[in-house]
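# Remarks on the overall topology
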Amino acid sequence: MDRKKLYPWYFTSGALLIFFLLCFLPGIIGILYSFTDWNNFTDKINFVGFKNYVEVLKGKPEYRAYLWNTVLFTTVTTIMKTVVGLALALLLTQKVIKLKNFHRMVIFSPQVMSYLVVGLVFKSMLHPDTGFVNNFLKSVGLDIFAMNWLTDLKIVFATVMSVDTWKGMGYIMVVIIAGLMSISPDYYEAANIDGANFWQKFRLITLPLLKPIIINATILNVTYGFRVFDMIYSLTNGGPGNATGVINTAVYKEFSKGNYAMGTTLSSILFFALLLLVYFIIKSMENKEVDA
Amino acid sequence: MRKRLIKLLSTLCVTMMAGGLLVGCGGNSSSTSSDSKSTSSGEKVTLTFGSHQSGLPTSGVVQELAKQFESETGIKIDFQISPDAQWRDLLKVKLDSGEAPDIFCADADPLNLVTRVNPEKYVLDVTNEEWVKRMDKNVLPSISYKDKVYGITFPGKKMYFYVYNKEIFDKLGLKVPTNYAEFKNVCQKIKDSGVIPVYEGTQNGWHQVLPLFETGAMYQQKHPDLYNKLNKNEVDLDAVPELQTIISELKECADLGFYGDNYLSNSVENAKEAMAKGKAAMFIAESAWRNEVKSDFPDFDVNKLGIFVMPWGDNQAIGVNPASNAYFINKNGKHVEEAKKFFDFLAKPENLQKRLDGQPGLSELCWPEIKSKYSKEDQAYIDSLQKGMVVQAGVKYIDSQWMDVGKDLEAMYTGSLTPQQVLETIMNRRKEQAQLQKDPDWNK
């Protein structure tokens, strides 16, 4: 190793200092606050131990519903975005499709729109009386499918997750297309000579070689899903009632009530859950690489 | 050569980063000094004014006044309007994070000012302004905290009625209901005729809660000294069986389809259209709301709309709310002096008159020097009613959870909460807030 080419360690000190002051320290302080009774009404802060955590896990059933909703939202949107994104990516790399880049652009475009805009547009499109969706369904005679998309308890969460998938699938598609392009055509050629059909090629060549990309996409989707806020806030504001509330809408609610400690408790729980999950996802990726 | 270039670049980077840090530290003082310079030299100042939809009259009269103010003083006002359902939370988050606008509008009442805007910490004390003396004495408690006045407010006292379409009632031979049984009967007949009996919109989050707490006058009649006992934690809300009755009645009416099919997706703003076009027969609103209908639908004869007291829980008294929304100056804002000038401007008698004239939905101002707009008929009806203060203005920890109760009712309508659970949730939230605020009556 040419030691002269290495820069001395203190070259990183500036970046480290900034990272420590602006990212690490506030995070740690936030977690510490979750062990107190910090609130808007007094300046005194008392240590209360695990009281807030116990309250979340054992107290009001709402909190557990929010936790469950967050997990459900993350799981379903991750699967839907990956499946739909993969399908679209496969479709838009086929030779038979014309104007591929145009199609890709159209499918990707929701990604660049703000969550609030998407939420408000869909809110008006899904209005049972005046919304585009129901009016369209009624005009083609499919009245039975015209529903109260955002107020019917049975379907509201599915609606929210579908809108979120619609917005997010384009991004995953683009990531997967990049992965597909990097797979050498030689493999497919060899498989063709062996007489492999589309599914065999997909299962035995495309999927294994896409694995690292899919794992990365999953990490992106999972971290997004756990932190989701804007989409739900603008579409349903957690309603009807608290049916679509997630951890971050609850954090917002607690902060606005002045109960800061509970807000930081909820976001700390989110932080630990994410840390654990992402750790395992990355670990599983490492193992796969060793196997290969 | 290449080494040199790299060295040069890295030195440059480190210097820039170090410089950036220093700039970051010193930025505050330098920017404020340049700000004060710019204001003193009379350069154009833009005040930000944050409000919820219902904080500013829909007629845009405040914006018109602001334009006039701009042409007189050169100070521009930038209005930032947020949805009703989000404003309370948003404002608090903005105040706490130091990002609040220069002037902000908030609902103000004697009990909740401190939880809503924390005046000592965030709001400019205006006690010694000349115009404070000209406001109605009865509204001052709503905008004061610990004997200091913090805001300016305009609307007179609020009273909510059922505004109803007389034509529809006459056609079906119906009489104004005076108790719940009659009300249900009326609703059923209207529903059978193909019209939505009651327009309800839960999307705004606050409107559906009115029947619970605007009926406070009746609660007080039936339970003497109720508010005092509730505030001292001697009794809880379950000591008022009428409240539970009203919550159950709301659910019953929803189940009977009296609000129509889509009330969970509807907004209060669309009520005017529904009433003017005869799609709905009744709507909870203030009496002067009819003038707003007229200004939006000039062809509609508003004399067709009458008012009657909400008959929930056989109520026949009218709740009076001395509180309303008020404007406050952000004490930590950059343009405190300019904001004060705007308040002086709004408080001029000619501008007060302009405001009352320019806001069709308003019957009176809380400035005694300006004459009210009530018609003789309305005035006579209102005078004939027994009155009392609404619950949210007299009982602690109700108004702060108003929007949450709206969500509870939504949950009740969708079937995920029972009426009993709604009441329990309201009671628990009161307890939680009281404990959080270290209220001595709850922490004995």
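Presented here is an overview of the structure given in this document. Since the model is a prediction, treat every value here as computed from it, not as a measurement. (Residues numbered from 1 in each chain as written. Chains lettered and ligands numbered in written order. Predicted model: local features only at pLDDT ≥ 70, side-chain atom pairs only at ≥ 80, totals over all residues. Heavy atoms only, no water.)

## A short note on the overall build of chain A
Summing up its helical and strand segments, chain A has 12 helices and 0 strands in all. Walking chain A from its N terminus toward its C terminus, one meets helices and strands in the order α-α-α-α-α-α-α-α-α-α-α-α. The principal-axis extent of the C-alpha atoms belonging to chain A is close to 75 × 75 × 30 Å. Going through the 292 residues of chain A one by one, you find that 41% of them count as buried. Considering only contacts in chain A between residues 6 or more positions apart, those separated by 24 or more positions represent 65%. As displayed, chain A has an accessible area near 16,700 Å², and 70% of this comes from carbon and sulfur atoms. Placing the 25 positive and 17 negative side-chain charges of chain A at their respective mean positions leaves the two points 2 Å apart. (Helix = DSSP H or I, 4+ residues; strand = E, 2+ residues; numbered from the N terminus. Buried < 20%, exposed > 50% of the residue type's maximum accessible area, 1.4 Å probe, protein only. Contact = heavy atoms within 4.5 Å. Areas by Shrake-Rupley, 256 points an atom, 1.4 Å probe, with all protein chains shown as cover. Lys, Arg positive; Asp, Glu negative; His and termini not counted. Charge placed at Lys NZ, Arg CZ, Asp CG, Glu CD.)

## Describing the overall build of chain B
For chain B, the count of helices and strands is 19 helices and 13 strands. Taking the principal axes of the C-alpha coordinates as reference, chain B spans close to 95 × 50 × 50 Å. Counting the 444 residues in chain B, one finds 53% classified as buried. Looking at chain B alone, contacts between residues at least 24 apart form 76% of all its contacts between residues at least 6 apart. On chain B, roughly 19,700 Å² of surface is accessible, and the fraction owed to carbon and sulfur atoms is 52%. Charge-centre separation for chain B: the mean point of 54 positive side chains lies 5 Å from the mean point of 60 negative side chains.

## What about the interface of chain A and chain B?
Each partner contributes to the interface: chain A provides 33 residues, whereas chain B provides 31 residues. In total, about 2,900 Å² of surface goes out of reach between chain A and chain B, with carbon and sulfur atoms giving 50% of it. Put simply, chain A and chain B have 5 salt bridges between them. Across the pair Lys257 of chain A and Glu432 of chain B runs a salt bridge whose closest N-O atoms are separated by 3.3 Å. Taken together, chain A and chain B are joined by 13 residue pairs in polar contact (both at pLDDT 80 or more). When its residues are assigned to classes, the side of chain A that touches chain B shows 12 nonpolar, 14 polar and 7 charged. (Buried area = accessible area lost by both parts, 1.4 Å probe. Salt bridge = Lys/Arg side-chain N within 4 Å of Asp/Glu carboxyl O. Polar contact = N/O pair within 3.5 Å; in protein donor to acceptor, adjacent residues only side chain to side chain. Nonpolar A, V, L, I, M, F, W, Y, C, P; charged D, E, K, R; others polar.)

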